[in-house]
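Residue strings, one per chain:
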Amino acid sequence: EGSALITQDMFEYYNRDHLYTRGGIYHLKDRPLNVYAAIDFAFSIDHRADSTAIVVVGVDSDNNRYVLDIDRFKTDRIQEYYKHIMALHEKYSLKKLRAEVTVAQQVIVTALKDKLAENSTRLVIDEHRPQTKKEERVMAVLRPLYEDHKVFHYRGGNCEILEEELKQLKPAHDDVKNALADAISIAVMGDSDSLKVG
């Protein structure tokens, strides 16, 4: 419905087989990555509603962004959100997780922060209160990077859902695209010092 501003020819791919960890730092081939994530909450668990999506991205010293993981699920329970976040944090040692905070989401994020503190988990949750419309914000963040071929996907899996959302201006669901834009917004290019392996 309505052609998107991001097209198939802008998609680049990397091989997930080349991902590995060394000294607690993720690498793609010989490139260390700083790893970030964002969560796009969905409140309804109706089968037609958006899913909650968590997108994990890595950024290298050349400012390339790699979509490392996409988790989609439906729940309205704090414990379930927490379980999904922790599974990704334990796998990727996230530097930061961005969460969009509206009035309803504030309650969830506060509860998640309390659970992280209870369990002495060191994960910064970056609360984000957007001032612009979602579509405008997503396109402002993503389109320039896709045009410059600076975003790399893995093949298959939930990346196919992401690509369908990106190619449509107003897709039926936009949870993955939104989470990607938020994750990329906080993904800071790794400098040689922050990425040094001991």
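Residues numbered from 1 in each chain as written. Predicted model: local features only at pLDDT ≥ 70, side-chain atom pairs only at ≥ 80, totals over all residues. Heavy atoms only, no water.

Q: What am I meant to see in the nonpolar core here?
A: A general tendency of soluble globular proteins is for nonpolar side chains to be buried together. Ranked by size, the top nonpolar core spans 60 residues in total, and within it Val-67, Leu-68, Leu-142, Tyr-146, Leu-162 and Leu-180 carry the most contacts. When residues of this core are assigned to their parent elements, the largest contribution, seven residues, is made by helix H5 (residues 175-186). With residues near it in sequence (within four places) discarded, Tyr-146 still touches Ile-6, Met-10, Phe-11, Val-151, His-153, Leu-162, Leu-166 and Leu-180. (Core = buried A, V, L, I, M, F, W, Y, C linked by side-chain atoms within 4.5 Å. Buried < 20%, exposed > 50% of the residue type's maximum accessible area, 1.4 Å probe, protein only. Helix = DSSP H or I, 4+ residues; strand = E, 2+ residues; numbered from the N terminus. Contact = heavy atoms within 4.5 Å.)

Q: For this particular structure, what's the right way to read the pairing of strand E7 (residues 96-100)?
A: Every regular strand shows the same layout, with side chains that alternate between the two sheet faces. Taken across its five residues, E7 has four buried, putting it largely inside the fold. Across four bridges, strand E4 (residues 31-40) lies against E7 in parallel orientation. Residue pairing across strands places Ala-37 opposite Leu-97, the latter belonging to E7. One ladder, built from five bridges, connects E7 with strand E8 (residues 124-128); its direction is parallel. Directly across from Glu-100, in E8, lies its bridge partner His-128. Taken together, E7, helix H2 (residues 103-118) and E8 constitute a β-α-β crossover, and its handedness is right-handed. (Pairing = 2+ DSSP bridges. Right-handed = clockwise from strand over helix to strand, strands pointing away.)

Q: When you look at helix H4 (residues 159-167) in this model, what are you seeing that I'm missing?
A: A turn of α-helix holds 3.6 residues, and therefore any two residues three or four places apart point the same way. Three or more residues of H4 are buried, namely Cys-159, Leu-162, Glu-163, Glu-165 and Leu-166. Each buried residue of H4 sits inside an arc of 160° when the element is viewed along its axis, so together they form one side. Those residues of H4 that are buried lie in contact with strand E1 (12-13), strand E6 (65-73), helix H3 (134-147), strand E9 (151-153) and H5. (Arc of directions from axis to C-beta.)

Q: Explain the packing of H3 against H5 here, please?
A: Packed helix pairs are characterised by how far apart their axes lie and by the angle those axes make with each other. Two elements in contact, H3 and H5, have axes separated by 9 Å at closest approach and are oriented at 65°. You can see that H3 and H5 cross each other, and the crossing is left-handed. Every residue of H5 that contacts H3 at Lys-134, Arg-137, Val-138, Met-139, Val-141, Leu-142, Leu-145 and Tyr-146 is listed here: Lys-177, Asn-178, Leu-180, Ala-181, Asp-182, Ile-184 and Ser-185. By residue class, the composition of the contact of H3 with H5 is nine nonpolar, two polar and four charged. (Axes fitted to C-alpha atoms, helices over the stretch in contact; angles between N-to-C directions. Left-handed = near helix turned anticlockwise from the far one by under 90°. Nonpolar A, V, L, I, M, F, W, Y, C, P; charged D, E, K, R; others polar.)

Q: Please clarify how the layout of surface pockets should be interpreted in this entry.
A: A probe matching the size of a water molecule, rolled over the atoms, marks out where space remains unfilled. Put simply, the largest pocket is a space of about 170 Å³. Every residue along the wall of the largest pocket is listed here: Leu-5, Lys-134, Glu-135, Glu-136, Val-138, Met-139, Leu-169, Lys-170, Pro-171, Asp-174, Lys-177 and Asn-178. Of all the secondary structure elements, the ones that give two or more residues to the lining of the largest pocket are H3 and H5. Per-element accounting of the lining of the largest pocket gives the leading share, five residues, to H3. Among the residues making up the lining of the largest pocket, the classes are represented as five nonpolar, one polar and six charged. (1 Å grid on protein atoms, 1.4 Å probe; cavity = no way out; pocket = protein on both sides within 12 Å on 5 of 7 lines; lining within 4 Å. Points joined across faces, edges and corners; volume = space filled by probe spheres on them.)

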